[in-house]
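# Residue-level structural notes
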Amino acid sequence: MKIERIETFLVPPRWLFCRIETSDGVVGWGEPVVEGRAEVVRTAIETLSEYLIGQDPLQIERHWQVLTKGGFYRGGPVLSSAVAGIDHALWDIAGKVYGAPVAALLGGRVRDRVRVYAWVGGDEPSAIADQIGEQVAAGMTAVKMNGSGQIQPSPSAAEINGIVTRLTAAREALGDSRDVAIDLHGRVGVAGARRILHAVEGLQPMFVEEPVLPEHMVHLAEVVGSSTVPVALGERLYHRSEFVAPLNAGIAVVQPDVSHAGGISELRRIAVLADTHGSLLAPHCPLGPISLAASLQVSFATPNFLIQEQSRGIHYNVANDLTSYVVDPAPFTWINGHAEWNPLPGLGITVDEAAVRAADQTGHAWRNPVWTHPDGSFAEW
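On a predicted model such as this, the values are computed, not experimentally measured, just so you know.

To continue, consider the domain arrangement of the protein. Domain annotation for the protein reports domain 1 (3–100 + 356–362) and domain 2 (104–347). When each unit is reduced to the centre of its C-alpha atoms, the spacing between domain 1 and domain 2 is 25 Å. Facing 32 residues of domain 1, the contacting portion of domain 2 comprises 31 residues. Surface buried jointly by domain 1 and domain 2 totals about 2600 Å² across both partners, of which 64% is contributed by carbon and sulfur atoms.

Taking 1.5 Å per residue, 18 residues should reach 26 Å; helix α6 (residues 157–174) reaches 26 Å between its end C-alpha atoms and fits that length. Residues of α6 that are buried make contact with α5 (125–137), β5 (142–146), β6 (179–183) and α7 (190–200). Just beyond α6, the residue with positive phi is Gly175, at close to 75 degrees.

Moving on, we come to the UniProt feature "domain: Mandelate racemase/muconate lactonizing enzyme C-terminal" (unreviewed entry) in the protein. The sites that UniProt annotates as "domain: Mandelate racemase/muconate lactonizing enzyme C-terminal" (unreviewed entry) are residues 125–230. Within residues 125–230, the helical portion is 44% and the strand portion 11%, while the C-alpha atoms at the span's ends are 23 Å from each other.

For the rest of this paragraph, the subject is empty space enclosed by the protein. Enumeration according to the criterion identifies 3 cavities of 30 Å³ or more in this entry. Of the pockets and cavities examined, the largest cavity occupies roughly 90 Å³. What lines the largest cavity is simply Ala293, Leu296, Gln297, Phe300, Pro331, Phe332, Ala339, Glu340, Trp341, Asn342, Leu347 and Ile349. Mapped onto the lining of the largest cavity, the elements with two or more residues apiece are α11 (289–301) and β12 (338–340). Class assignment of the residues belonging to the lining of the largest cavity gives a composition of 9 nonpolar, 2 polar and 1 charged. Empty space within the second largest cavity amounts to approximately 40 Å³. For the second largest cavity, the full set of lining residues is Glu210, Val212, Leu213, Pro214, Met217, Leu233, Gly234, Glu235, Arg236 and Leu237. The residue inventory of the lining of the second largest cavity, partitioned by class, reads 6 nonpolar, 1 polar and 3 charged.

Glancing now at a nonpolar patch on the surface. A surface patch of nonpolar side chains, amounting to about 260 Å² of accessible area, comprises Val97, Tyr98 and Leu105. Within the element layout of this structure, Val97 appears in helix α3 (residues 77–98).

Attention now moves to the environment of Glu222. Among the secondary structure elements, Glu222 is positioned in helix α8 (residues 220–224). Since its relative accessible area comes to 39%, Glu222 is described here as partly exposed. Linking Glu222 and Ala193, residues 29 residues apart in sequence, is a C-alpha distance of 9.8 Å.

Phe17, Ile20, Ile264 and Phe332 are the most contacted members of the largest nonpolar core, which totals 106 residues. Each of domain 1 (3–100 + 356–362) and domain 2 (104–347) gives at least three residues to this core. Sequence-distant contacts of Phe17, defined by excluding residues within four places in its chain, comprise Glu7, Thr8, Phe9, Val11, Trp29, Gly30, Glu31, Pro32, Pro289, Ile290, Tyr325 and Val356. Formed by 9 residues, the second largest nonpolar core is a distinct cluster that contains Ala142, Ala181, Ala232 and Ile307.

Across the sheet, which stays open at both edges, the 3 strands sit in the order β1-β2-β3 with antiparallel pairing between neighbours. In this open sheet, the two strands that pair with only one neighbour each are β1 (3–11) and β3 (27–30). Neighbour to neighbour, the strand axes of the sheet diverge by 20 degrees on average, direction disregarded. One ladder, built from 4 bridges, connects strand β2 (residues 15–22) with β3; its direction is antiparallel. Paired with Cys18 across the two strands is Gly30, which belongs to β3.

So, how was this worked out
- Residues numbered from 1 in each chain as written.
- Predicted model: local features only at pLDDT ≥ 70, side-chain atom pairs only at ≥ 80, totals over all residues.
- Heavy atoms only, no water.
- Domains from an automatic or database assignment.
- Contact = heavy atoms within 4.5 Å.
- Buried area = accessible area lost by both parts, 1.4 Å probe.
- Helix = DSSP H or I, 4+ residues; strand = E, 2+ residues; numbered from the N terminus.
- Expected span 1.5 Å × (residues − 1).
- UniProt positions renumbered as here; feature names shortened; annotations may be inferred.
- 1 Å grid on protein atoms, 1.4 Å probe; cavity = no way out; pocket = protein on both sides within 12 Å on 5 of 7 lines; lining within 4 Å.
- Points joined across faces, edges and corners; volume = space filled by probe spheres on them.
- Nonpolar A, V, L, I, M, F, W, Y, C, P; charged D, E, K, R; others polar.
- Patch = residues over 30% accessible without salt bridge, like charges linked within 9 Å, V, L, I, M, F, W, Y side chains within 5 Å.
- Areas by Shrake-Rupley, 256 points an atom, 1.4 Å probe, with all protein chains shown as cover.
- Salt bridge = Lys/Arg side-chain N within 4 Å of Asp/Glu carboxyl O.
- Buried < 20%, exposed > 50% of the residue type's maximum accessible area, 1.4 Å probe, protein only.
- Core = buried A, V, L, I, M, F, W, Y, C linked by side-chain atoms within 4.5 Å.
- Pairing = 2+ DSSP bridges.
- Axes fitted to C-alpha atoms, helices over the stretch in contact; angles between N-to-C directions.

Structure (C-alpha coordinates):
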(Lines give C-alpha, C1' and ligand atoms only; values in the text may rest on other atoms or scores of the structure.)
Protein backbone atom coordinates (compact mmCIF):
# COMPACT_ATOMS: atom_id res chain seq x y z
CA MET A 1 0.00 0.00 0.00
CA LYS A 2 1.37 3.40 -1.02
CA ILE A 3 0.28 7.01 -0.70
CA GLU A 4 -1.22 7.84 -4.07
CA ARG A 5 -2.88 11.24 -3.79
CA ILE A 6 -2.87 14.20 -1.39
CA GLU A 7 -5.48 16.96 -1.67
CA THR A 8 -6.30 20.03 0.40
CA PHE A 9 -9.62 21.85 0.76
CA LEU A 10 -10.13 25.43 1.94
CA VAL A 11 -13.49 25.30 3.70
CA PRO A 12 -15.48 27.96 5.57
CA PRO A 13 -15.50 29.35 8.14
CA ARG A 14 -11.66 29.32 8.45
CA TRP A 15 -10.44 25.74 8.08
CA LEU A 16 -8.17 23.71 5.83
CA PHE A 17 -8.69 19.97 5.38
CA CYS A 18 -6.24 17.42 3.97
CA ARG A 19 -7.23 14.17 2.25
CA ILE A 20 -4.71 11.37 1.72
CA GLU A 21 -5.69 8.44 -0.48
CA THR A 22 -3.75 5.18 -0.74
CA SER A 23 -3.29 2.76 -3.63
CA ASP A 24 -5.67 0.39 -1.79
CA GLY A 25 -8.40 3.02 -1.69
CA VAL A 26 -8.10 3.76 2.05
CA VAL A 27 -8.63 7.47 2.74
CA GLY A 28 -7.44 9.47 5.75
CA TRP A 29 -8.38 13.01 6.71
CA GLY A 30 -6.47 15.73 8.55
CA GLU A 31 -6.88 19.37 9.46
CA PRO A 32 -3.69 21.37 8.84
CA VAL A 33 -4.29 25.06 9.35
CA VAL A 34 -2.93 28.25 10.82
CA GLU A 35 -5.94 30.45 11.38
CA GLY A 36 -5.60 33.45 9.06
CA ARG A 37 -2.81 31.77 7.06
CA ALA A 38 -4.61 28.73 5.64
CA GLU A 39 -3.45 29.40 2.09
CA VAL A 40 0.19 29.40 3.20
CA VAL A 41 -0.20 26.05 4.95
CA ARG A 42 -1.87 24.69 1.82
CA THR A 43 1.27 25.51 -0.14
CA ALA A 44 3.42 23.84 2.51
CA ILE A 45 1.33 20.67 2.13
CA GLU A 46 2.01 20.71 -1.62
CA THR A 47 5.75 20.91 -0.96
CA LEU A 48 5.73 18.11 1.62
CA SER A 49 3.67 15.94 -0.74
CA GLU A 50 6.72 15.64 -3.00
CA TYR A 51 8.26 13.34 -0.39
CA LEU A 52 5.09 11.52 0.64
CA ILE A 53 3.72 10.33 -2.71
CA GLY A 54 4.69 6.69 -3.15
CA GLN A 55 5.51 6.12 0.52
CA ASP A 56 4.00 3.52 2.86
CA PRO A 57 1.32 5.42 4.84
CA LEU A 58 1.74 3.20 7.89
CA GLN A 59 5.30 4.41 8.56
CA ILE A 60 3.91 7.36 10.51
CA GLU A 61 6.88 8.04 12.78
CA ARG A 62 9.40 7.68 9.95
CA HIS A 63 7.48 10.27 7.91
CA TRP A 64 7.10 12.61 10.90
CA GLN A 65 10.86 12.63 11.39
CA VAL A 66 11.58 13.34 7.73
CA LEU A 67 8.90 16.01 7.37
CA THR A 68 9.97 17.91 10.49
CA LYS A 69 13.76 17.46 10.19
CA GLY A 70 14.41 16.81 6.51
CA GLY A 71 14.74 20.49 5.70
CA PHE A 72 17.74 22.43 6.99
CA TYR A 73 15.36 25.11 8.37
CA ARG A 74 12.93 23.62 10.85
CA GLY A 75 9.94 24.48 12.95
CA GLY A 76 7.47 27.34 12.99
CA PRO A 77 3.68 27.30 12.89
CA VAL A 78 3.31 26.84 9.13
CA LEU A 79 5.53 23.77 8.84
CA SER A 80 4.36 22.18 12.08
CA SER A 81 0.70 22.73 11.15
CA ALA A 82 1.22 21.23 7.70
CA VAL A 83 2.90 18.21 9.30
CA ALA A 84 0.07 18.04 11.86
CA GLY A 85 -2.65 17.64 9.24
CA ILE A 86 -0.66 14.99 7.39
CA ASP A 87 -0.10 13.20 10.69
CA HIS A 88 -3.86 13.19 11.44
CA ALA A 89 -4.57 11.65 8.05
CA LEU A 90 -1.89 8.97 8.40
CA TRP A 91 -3.18 7.96 11.84
CA ASP A 92 -6.70 7.90 10.37
CA ILE A 93 -5.50 5.56 7.64
CA ALA A 94 -3.68 3.35 10.15
CA GLY A 95 -6.78 3.03 12.30
CA LYS A 96 -8.90 2.09 9.31
CA VAL A 97 -6.33 -0.46 8.12
CA TYR A 98 -6.07 -2.08 11.55
CA GLY A 99 -9.78 -1.71 12.29
CA ALA A 100 -9.26 0.25 15.51
CA PRO A 101 -9.65 3.77 16.90
CA VAL A 102 -6.42 5.76 16.97
CA ALA A 103 -6.61 5.78 20.79
CA ALA A 104 -6.32 1.99 20.72
CA LEU A 105 -3.14 2.30 18.65
CA LEU A 106 -1.78 4.74 21.25
CA GLY A 107 -2.08 2.08 23.94
CA GLY A 108 -5.79 2.04 24.54
CA ARG A 109 -8.17 4.36 26.31
CA VAL A 110 -7.59 5.21 29.96
CA ARG A 111 -11.09 6.68 30.44
CA ASP A 112 -14.56 6.03 29.09
CA ARG A 113 -15.55 9.66 28.57
CA VAL A 114 -13.73 12.93 28.02
CA ARG A 115 -14.80 16.13 29.74
CA VAL A 116 -15.25 19.07 27.36
CA TYR A 117 -15.84 22.78 27.90
CA ALA A 118 -17.79 25.39 25.98
CA TRP A 119 -16.88 28.94 24.96
CA VAL A 120 -19.11 31.71 26.28
CA GLY A 121 -17.39 34.82 24.95
CA GLY A 122 -16.90 37.05 27.95
CA ASP A 123 -16.32 40.36 26.21
CA GLU A 124 -19.57 41.79 27.60
CA PRO A 125 -20.32 41.08 31.30
CA SER A 126 -24.06 41.61 30.85
CA ALA A 127 -24.33 38.61 28.53
CA ILE A 128 -22.27 36.16 30.59
CA ALA A 129 -25.02 34.91 32.89
CA ASP A 130 -27.39 34.16 29.99
CA GLN A 131 -24.70 32.46 27.93
CA ILE A 132 -23.59 30.30 30.84
CA GLY A 133 -27.20 29.50 31.70
CA GLU A 134 -27.64 28.04 28.21
CA GLN A 135 -24.55 25.87 28.63
CA VAL A 136 -25.59 24.65 32.07
CA ALA A 137 -29.01 23.76 30.67
CA ALA A 138 -27.23 21.77 27.95
CA GLY A 139 -25.39 19.79 30.62
CA MET A 140 -21.97 21.43 30.39
CA THR A 141 -19.88 21.38 33.55
CA ALA A 142 -17.21 23.87 32.47
CA VAL A 143 -16.88 26.99 30.34
CA LYS A 144 -14.11 29.27 29.17
CA MET A 145 -14.34 32.94 28.32
CA ASN A 146 -12.17 35.89 27.42
CA GLY A 147 -10.92 37.69 30.49
CA SER A 148 -11.44 40.99 28.73
CA GLY A 149 -11.84 42.66 25.41
CA GLN A 150 -9.15 45.05 24.24
CA ILE A 151 -6.94 45.97 27.19
CA GLN A 152 -3.84 48.06 27.82
CA PRO A 153 -0.52 46.21 28.31
CA SER A 154 -0.40 47.86 31.73
CA PRO A 155 -4.07 47.56 32.67
CA SER A 156 -5.85 50.20 34.67
CA ALA A 157 -7.71 49.50 37.90
CA ALA A 158 -10.96 49.78 35.95
CA GLU A 159 -9.79 47.18 33.41
CA ILE A 160 -8.72 44.74 36.12
CA ASN A 161 -11.96 45.30 38.01
CA GLY A 162 -13.79 44.58 34.75
CA ILE A 163 -12.13 41.16 34.58
CA VAL A 164 -13.13 40.47 38.17
CA THR A 165 -16.71 41.56 37.39
CA ARG A 166 -16.91 39.17 34.43
CA LEU A 167 -15.50 36.27 36.39
CA THR A 168 -17.78 37.00 39.35
CA ALA A 169 -20.82 36.88 37.06
CA ALA A 170 -19.61 33.57 35.65
CA ARG A 171 -18.97 32.08 39.08
CA GLU A 172 -22.42 33.12 40.30
CA ALA A 173 -24.05 31.52 37.26
CA LEU A 174 -22.02 28.31 37.58
CA GLY A 175 -21.92 27.83 41.33
CA ASP A 176 -19.09 25.98 43.03
CA SER A 177 -19.62 22.59 41.40
CA ARG A 178 -18.82 23.75 37.83
CA ASP A 179 -15.66 25.29 36.45
CA VAL A 180 -14.74 28.46 34.61
CA ALA A 181 -11.45 29.33 32.91
CA ILE A 182 -10.43 32.70 31.51
CA ASP A 183 -8.22 33.43 28.52
CA LEU A 184 -6.02 36.54 28.58
CA HIS A 185 -4.62 35.97 25.04
CA GLY A 186 -1.27 37.45 26.10
CA ARG A 187 -2.87 40.88 25.92
CA VAL A 188 -1.13 42.30 29.01
CA GLY A 189 2.47 42.59 30.13
CA VAL A 190 4.19 40.58 32.85
CA ALA A 191 3.31 43.00 35.67
CA GLY A 192 -0.28 43.24 34.47
CA ALA A 193 -0.58 39.46 34.39
CA ARG A 194 0.61 39.21 38.00
CA ARG A 195 -1.94 41.79 39.10
CA ILE A 196 -4.78 40.02 37.29
CA LEU A 197 -3.91 36.60 38.72
CA HIS A 198 -3.88 38.08 42.22
CA ALA A 199 -7.19 39.87 41.61
CA VAL A 200 -9.08 36.74 40.47
CA GLU A 201 -7.57 34.32 42.96
CA GLY A 202 -10.56 34.29 45.30
CA LEU A 203 -12.90 33.29 42.46
CA GLN A 204 -10.92 30.08 41.88
CA PRO A 205 -10.83 29.79 38.11
CA MET A 206 -9.95 26.35 36.75
CA PHE A 207 -7.02 28.06 35.03
CA VAL A 208 -5.97 31.36 33.49
CA GLU A 209 -4.84 30.83 29.92
CA GLU A 210 -1.92 32.58 28.25
CA PRO A 211 -1.39 35.36 30.80
CA VAL A 212 1.74 36.42 28.88
CA LEU A 213 2.98 36.03 25.33
CA PRO A 214 5.41 33.24 24.40
CA GLU A 215 8.18 35.79 23.85
CA HIS A 216 7.95 36.76 27.53
CA MET A 217 8.55 33.20 28.72
CA VAL A 218 11.70 34.23 30.55
CA HIS A 219 9.45 35.93 33.13
CA LEU A 220 6.84 33.18 33.30
CA ALA A 221 8.03 31.82 36.65
CA GLU A 222 7.36 35.25 38.19
CA VAL A 223 3.81 35.16 36.87
CA VAL A 224 3.15 31.57 37.97
CA GLY A 225 4.54 32.27 41.42
CA SER A 226 2.47 35.41 41.93
CA SER A 227 -0.70 33.51 42.94
CA THR A 228 -2.22 30.07 43.47
CA VAL A 229 -4.26 30.30 40.27
CA PRO A 230 -3.29 27.51 37.81
CA VAL A 231 -1.60 28.92 34.71
CA ALA A 232 -2.19 27.31 31.31
CA LEU A 233 -0.57 27.97 27.93
CA GLY A 234 0.72 26.32 24.80
CA GLU A 235 -1.49 27.07 21.79
CA ARG A 236 1.36 29.08 20.24
CA LEU A 237 4.06 26.49 20.96
CA TYR A 238 4.78 23.97 18.23
CA HIS A 239 7.31 21.42 19.53
CA ARG A 240 7.90 19.58 22.79
CA SER A 241 11.19 21.43 23.29
CA GLU A 242 9.27 24.71 23.54
CA PHE A 243 7.33 23.34 26.52
CA VAL A 244 10.40 22.64 28.64
CA ALA A 245 10.82 26.23 29.86
CA PRO A 246 7.15 26.81 30.80
CA LEU A 247 6.98 23.44 32.54
CA ASN A 248 10.10 24.32 34.49
CA ALA A 249 8.43 27.63 35.34
CA GLY A 250 5.62 25.68 36.98
CA ILE A 251 2.62 25.94 34.65
CA ALA A 252 -0.20 23.65 35.71
CA VAL A 253 -1.75 22.95 32.30
CA VAL A 254 -0.29 22.51 28.81
CA GLN A 255 -2.47 23.41 25.83
CA PRO A 256 -0.84 22.24 22.60
CA ASP A 257 -3.06 22.30 19.53
CA VAL A 258 -3.21 19.06 17.54
CA SER A 259 -3.49 21.09 14.30
CA HIS A 260 -0.44 23.22 15.10
CA ALA A 261 1.96 21.22 17.28
CA GLY A 262 2.91 18.41 14.92
CA GLY A 263 -0.30 16.40 15.10
CA ILE A 264 -1.28 13.38 17.15
CA SER A 265 2.31 12.13 17.27
CA GLU A 266 3.72 15.27 18.90
CA LEU A 267 0.68 16.00 21.06
CA ARG A 268 1.16 12.63 22.70
CA ARG A 269 4.84 13.35 23.39
CA ILE A 270 4.04 16.77 24.86
CA ALA A 271 1.50 15.13 27.17
CA VAL A 272 4.12 12.67 28.42
CA LEU A 273 6.59 15.49 28.98
CA ALA A 274 3.96 17.40 30.96
CA ASP A 275 3.23 14.31 33.03
CA THR A 276 6.86 14.16 34.18
CA HIS A 277 6.37 17.67 35.58
CA GLY A 278 3.04 16.94 37.25
CA SER A 279 1.17 19.08 34.71
CA LEU A 280 -2.11 18.30 32.99
CA LEU A 281 -3.15 18.27 29.32
CA ALA A 282 -6.01 20.43 28.04
CA PRO A 283 -5.70 20.37 24.24
CA HIS A 284 -6.38 23.66 22.50
CA CYS A 285 -9.01 23.14 19.78
CA PRO A 286 -11.24 25.99 18.56
CA LEU A 287 -11.12 24.51 15.05
CA GLY A 288 -13.06 22.05 12.94
CA PRO A 289 -14.30 18.46 13.21
CA ILE A 290 -11.14 16.67 12.10
CA SER A 291 -8.97 18.59 14.53
CA LEU A 292 -11.37 17.83 17.38
CA ALA A 293 -11.63 14.16 16.44
CA ALA A 294 -7.83 13.92 16.48
CA SER A 295 -7.65 15.72 19.84
CA LEU A 296 -10.21 13.39 21.38
CA GLN A 297 -8.20 10.32 20.37
CA VAL A 298 -5.24 11.65 22.35
CA SER A 299 -7.44 12.76 25.25
CA PHE A 300 -8.95 9.29 25.65
CA ALA A 301 -5.47 7.72 25.76
CA THR A 302 -3.69 10.25 28.02
CA PRO A 303 -3.53 9.64 31.79
CA ASN A 304 -2.73 13.26 32.74
CA PHE A 305 -5.65 14.72 30.78
CA LEU A 306 -7.72 17.55 32.31
CA ILE A 307 -10.33 18.83 29.83
CA GLN A 308 -10.87 19.24 26.08
CA GLU A 309 -11.66 22.48 24.26
CA GLN A 310 -14.28 22.23 21.49
CA SER A 311 -15.89 24.73 19.16
CA ARG A 312 -19.60 23.91 18.95
CA GLY A 313 -21.35 27.26 18.95
CA ILE A 314 -18.13 29.28 19.14
CA HIS A 315 -18.40 32.80 17.74
CA TYR A 316 -16.16 32.06 14.73
CA ASN A 317 -18.51 29.41 13.38
CA VAL A 318 -21.46 31.44 12.12
CA ALA A 319 -22.54 29.68 8.91
CA ASN A 320 -20.60 26.43 9.39
CA ASP A 321 -20.05 24.45 12.56
CA LEU A 322 -18.46 21.20 13.73
CA THR A 323 -21.14 19.08 12.14
CA SER A 324 -21.23 20.81 8.74
CA TYR A 325 -18.71 18.49 7.12
CA VAL A 326 -19.38 15.11 8.77
CA VAL A 327 -21.94 12.49 7.81
CA ASP A 328 -22.92 11.64 11.39
CA PRO A 329 -22.79 14.31 14.15
CA ALA A 330 -23.06 11.72 16.95
CA PRO A 331 -19.34 11.82 17.90
CA PHE A 332 -19.82 15.52 18.70
CA THR A 333 -22.89 15.08 20.89
CA TRP A 334 -21.97 15.89 24.49
CA ILE A 335 -23.61 13.96 27.31
CA ASN A 336 -23.48 15.76 30.66
CA GLY A 337 -20.55 17.80 29.42
CA HIS A 338 -18.58 14.81 28.14
CA ALA A 339 -17.68 13.10 24.87
CA GLU A 340 -18.44 9.41 25.15
CA TRP A 341 -16.02 6.73 23.90
CA ASN A 342 -16.27 6.28 20.14
CA PRO A 343 -15.31 2.77 18.93
CA LEU A 344 -15.22 3.64 15.22
CA PRO A 345 -11.85 3.07 13.51
CA GLY A 346 -9.33 5.80 12.74
CA LEU A 347 -10.34 9.25 13.94
CA GLY A 348 -13.90 7.99 14.50
CA ILE A 349 -15.68 10.30 12.06
CA THR A 350 -16.89 10.05 8.47
CA VAL A 351 -16.12 13.20 6.53
CA ASP A 352 -18.82 14.33 4.10
CA GLU A 353 -16.55 14.50 1.07
CA ALA A 354 -19.19 15.98 -1.22
CA ALA A 355 -19.81 18.82 1.23
CA VAL A 356 -16.08 19.46 1.58
CA ARG A 357 -15.49 19.57 -2.17
CA ALA A 358 -18.44 21.89 -2.65
CA ALA A 359 -17.25 24.21 0.14
CA ASP A 360 -13.77 24.36 -1.36
CA GLN A 361 -15.28 25.91 -4.48
CA THR A 362 -16.15 28.92 -2.34
CA GLY A 363 -13.17 28.74 0.00
CA HIS A 364 -12.44 31.52 2.45
CA ALA A 365 -9.91 34.23 3.22
CA TRP A 366 -10.39 34.48 6.98
CA ARG A 367 -8.07 36.87 8.82
CA ASN A 368 -7.99 37.67 12.49
CA PRO A 369 -8.84 41.24 13.51
CA VAL A 370 -6.03 43.76 13.93
CA TRP A 371 -6.61 45.96 16.96
CA THR A 372 -5.17 49.32 17.94
CA HIS A 373 -5.14 51.16 21.23
CA PRO A 374 -6.81 54.60 21.48
CA ASP A 375 -3.46 56.24 20.70
CA GLY A 376 -3.19 54.29 17.44
CA SER A 377 -0.52 51.80 18.56
CA PHE A 378 -0.83 48.07 17.97
CA ALA A 379 -2.93 46.08 20.43
CA GLU A 380 -2.81 42.31 20.99
CA TRP A 381 -5.95 40.55 19.74
